[in-house]
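Structure at a glance
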2 protein chains.
Amino acid sequence: MQLPAAVEALSALAHASRLAVFRLLVRAGPDGMAAGEIAREIGALPNTLSTHLTILGNAGLVRSRRDGRSVIYSADYDGMRDLLGFLVADCCAGRPEICGTLGELTASPDCCT
Amino acid sequence: MQLPAAVEALSALAHASRLAVFRLLVRAGPDGMAAGEIAREIGALPNTLSTHLTILGNAGLVRSRRDGRSVIYSADYDGMRDLLGFLVADCCAGRPEICGTLGELTASPDCCT
DNA sequence: TCGATATTTCTGGAATAATCGAAATATCGA
DNA sequence: TCGATATTTCGATTATTCCAGAAATATCGA
């Protein structure tokens, strides 16, 4: 991931509604949720939410697929990994000992091991 | 970390110059760099950069200390860990098996282990 | 104290982003 | 095909962010 792409992804997440949507989709898992369902859950108008979802999609953080009349959105775990990897790799580059505490981030025994 | 604080941190990083500054400081390590040195490295005017540094500081991503005429800025590793932790914890909540690939993020043998 | 260096604060205008109503598109079931 | 449901696109207004010049503040050395 390059800096401009990282800025785009961070910009996409730097908004209360969009971050809430992203977290919701991350929790929803690969099955995802319909756009309307997300709108209801978040409390946003469908057209506004559609804009947000497009932004998240362009940033590579969510994917979409059509299912009948609905469009199902789901978190893009690869995109998320790229973004976090960019930040963490940056952190540890050259001197792993500096960011020791960051190691505990995902090294917790019940998550991502 | 709560959602508003996460949005503030993500907003702070969602800017090409600020993200570049943050990466620079992360690489610089705990010793940090003087504001003027950062400005030169990034290619920004001192006053503009000062604004950026204030934004990063308010977001909890950098710290500052005065050293004579200079102000030394350094990355706030705790703040960074909080932000990444918020995102990763969110990712893995409840179903660790979903984000398996994210585990490789910081589990690489030469970093943060 | 005075001048030089380093950084910050203040200000205003320009660029960008957010939001909503209305209209358009896509799909389904009858 | 037609009406209903689901979502997106368009257009315009409002709000926010970005940036640089000018001035203010802080520190040091002479």
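Residues numbered from 1 in each chain as written. Chains lettered and ligands numbered in written order. Predicted model: local features only at pLDDT ≥ 70, side-chain atom pairs only at ≥ 80, totals over all residues. Heavy atoms only, no water.

The name an unreviewed UniProt entry gives chain A is DNA-binding transcriptional ArsR family regulator, with Sphingomonas kyeonggiensis as the organism.

Let us look at the protein's contact with DNA strand D. Residues in close proximity to DNA strand D total 19 residues, the closest being Gly-36, Asn-47, Ser-50 and Tyr-73 of chain A together with Asn-47 of chain B. The contact atoms of DNA strand D, taken as those within 4 Å of the protein, divide so that sugar and phosphate hold 70%. Between DNA strand D and His-15 of chain B, the relevant distance is 3.0 Å, taken from a phosphate oxygen to a side-chain nitrogen or oxygen of the residue. The side chain of Arg-69 of chain B places a nitrogen or oxygen atom 3.5 Å from a base oxygen of DNA strand D. Looking at the surface near DNA strand D, the elements that each hand over two or more residues are helix H3 (35-42), helix H4 (46-58) and strand S3 (70-75) of chain A together with helix H4 (46-58) of chain B. (Near = heavy atom within 4 Å. Polar contact = N/O pair within 3.5 Å; in protein donor to acceptor, adjacent residues only side chain to side chain. Helix = DSSP H or I, 4+ residues; strand = E, 2+ residues; numbered from the N terminus.)

A separate point is H4 of chain B. Residues and elements named next belong to chain B. For H4, built from 13 residues, the straight-helix expectation of 18 Å at 1.5 Å per residue is met to within 8% by its first-to-last C-alpha distance of 18 Å. For H4, the full list of buried residues reads Leu-49, His-52, Leu-53 and Leu-56. Seen from one end, H4 has its buried residues packed into an arc of 100 degrees, which puts them on one side. Across from the buried face of H4, at angles greater than 90 degrees, the exposed residues are Asn-47 and Asn-58. Where H4 is buried, its residues touch helix H1 (3-13), helix H2 (16-28), helix H3 (35-42), strand S2 (62-67) and strand S3 (70-75). Looking at the residues trailing H4, positive phi occurs at Gly-60, about 80 degrees. (Expected span 1.5 Å × (residues − 1). Buried < 20%, exposed > 50% of the residue type's maximum accessible area, 1.4 Å probe, protein only. Arc of directions from axis to C-beta. Contact = heavy atoms within 4.5 Å.)

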